[in-house]
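Here's the letter readout for the chains.
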Amino acid sequence: MGRIAQRFAELKAGKRAGLVAYVSAGDPDAATGYEILKGLPAAGADLIELGMPFTDPMADGPSVQAAGQRALKAGITVDATFDMVRRFRQEVDNDTPILLMGYYNLVYQRGTERFCKEAAAVGVDGFILVDLPPEEADELKPHAMASGIDTVLLTAPTTDDKRLPAVLKYSSGFVYFASVLGITGTKSATEDAVRMHVERIKRHTKLPVAVGFGINTPDQAAAVARHADAAVVGSAIVNRVKAGLDADGKAKHDLVPGVMAFIKTLADGVRSVRKP
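Residues numbered from 1 in each chain as written. Predicted model: local features only at pLDDT ≥ 70, side-chain atom pairs only at ≥ 80, totals over all residues. Heavy atoms only, no water.

## Examining helix 11 (residues 235-243)
Then step 1. Listed as buried for helix 11 are S235, A236, I237, V238 and V241.
Then step 2. For helix 11, the secondary structure elements touched by its buried residues are strand 1 (18-24), helix 2 (30-43), helix 3 (62-73), strand 9 (230-233) and helix 12 (255-271). (Buried < 20%, exposed > 50% of the residue type's maximum accessible area, 1.4 Å probe, protein only. Helix = DSSP H or I, 4+ residues; strand = E, 2+ residues; numbered from the N terminus. Contact = heavy atoms within 4.5 Å.)

## A closer look at the packing of helix 10 (residues 218-225) against helix 12
Then step 1. Two numbers describe how helix 10 lies on helix 12: the axes approach to 7 Å, and their chain directions differ by 35°. Judged by the twist between their axes, the crossing of helix 10 over helix 12 is right-handed. For the pair helix 10 and helix 12, the contacting residues are P218, A221, A222 and A225 in the first and T265, L266, G269 and V270 in the second.
Then step 2. Counted by class, the contact of helix 10 with helix 12 contains 6 nonpolar, 2 polar and no charged residues. (Axes fitted to C-alpha atoms, helices over the stretch in contact; angles between N-to-C directions. Left-handed = near helix turned anticlockwise from the far one by under 90°. Nonpolar A, V, L, I, M, F, W, Y, C, P; charged D, E, K, R; others polar.)

## Some remarks on the pairing of strand 4 (residues 126-129)
Then step 1. On strand 4, burial covers both faces: G126 and I128 on one face and F127 and L129 on the other are all buried.
Then step 2. In this sheet, strand 4 lies alongside strand 3 (residues 98-102) in parallel orientation, the contact comprising 4 bridges. Each residue of the ladder has a partner; that of L100, found in strand 4, is F127.
Then step 3. Running through helix 7 (residues 141-146), the crossover from strand 4 to the neighbouring parallel element strand 5 (residues 150-151) is right-handed. (Pairing = 2+ DSSP bridges. Right-handed = clockwise from strand over helix to strand, strands pointing away.)

## Considering the packing of helix 2 against helix 12
Then step 1. It is the contact of helix 2 with helix 12, at a shortest axis distance of 10 Å, that shows an interaxial angle of 30°. The orientation of helix 2 relative to helix 12 falls into the category roughly parallel. In this structure, the crossing between helix 2 and helix 12 has a hand that is right-handed. Contact residues: helix 2 offers T32, E35, I36, G39, L40 and A43, while helix 12 offers L255, V256, V259, M260, I263, K264 and A267. (Parallel < 35°, antiparallel > 145°, perpendicular 65-115°, else oblique.)

## Side note on the side chain of T155
Then step 1. As for its placement among the helices and strands, T155 is situated in strand 6 (residues 154-155).
Then step 2. Exposure remark for T155: the relative accessible area of 2% places this residue in the buried category.
Then step 3. Residues in contact with T155, not counting those within four places in the same chain, are L164, V167, V175, Y176, F177, A178 and I201.

Take a look at the structure:
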């Protein structure tokens, strides 16, 4: 059993949902970004989404896009991202799942087979590639499977019952439901809408369902946790990173503690909901 399946099994046994925390690798700089990554498990993140900075992030809202731009300016590359995961596995934690989130161009340019092997070697557990449709997933899936890496595909409110099986065919680890249309961090779904869509997805799969896009507060995280297997928070976290920068864009001394304190409030919100 891989780390992702193991973690969701633990969450199910504990009768609660999980918190998936998104951060951009190397935001706002390599050293601070790694300190944030190191602190996520202790702050309450059950799974980690590590964003691979990319120049043209078409699904990212202003906050996540700005985080990626800060990381690119700091010189963060795919190799640097891999190095962060390797250090995390060696120095911090060999249990918390890490998924790389980003765009397929980064995989394609490196070579799909090579990318999968190198990611697995450093301790990556899954990919969330937001611009890879099911029709093109055959390029990635065999190499990911051979390397023991899960491929998490996104569904949306517009993914109807006819389209859903095509997405689920290539999904492993969990299903990521983007609860609102459009880019990240700009609006939020109602709890009733989340419940309805999660129930519909679960009629088609036994995979866990994680819900993201538009979760900004502990109360919103708790509302998602009442219905889904995990709540994904990204923009709200990277906003806390930005809030910890000085006028020159440098990390203030309290940036990392401030981000960790916020993540703990989200984790507390998720943990406040008990499953039957």
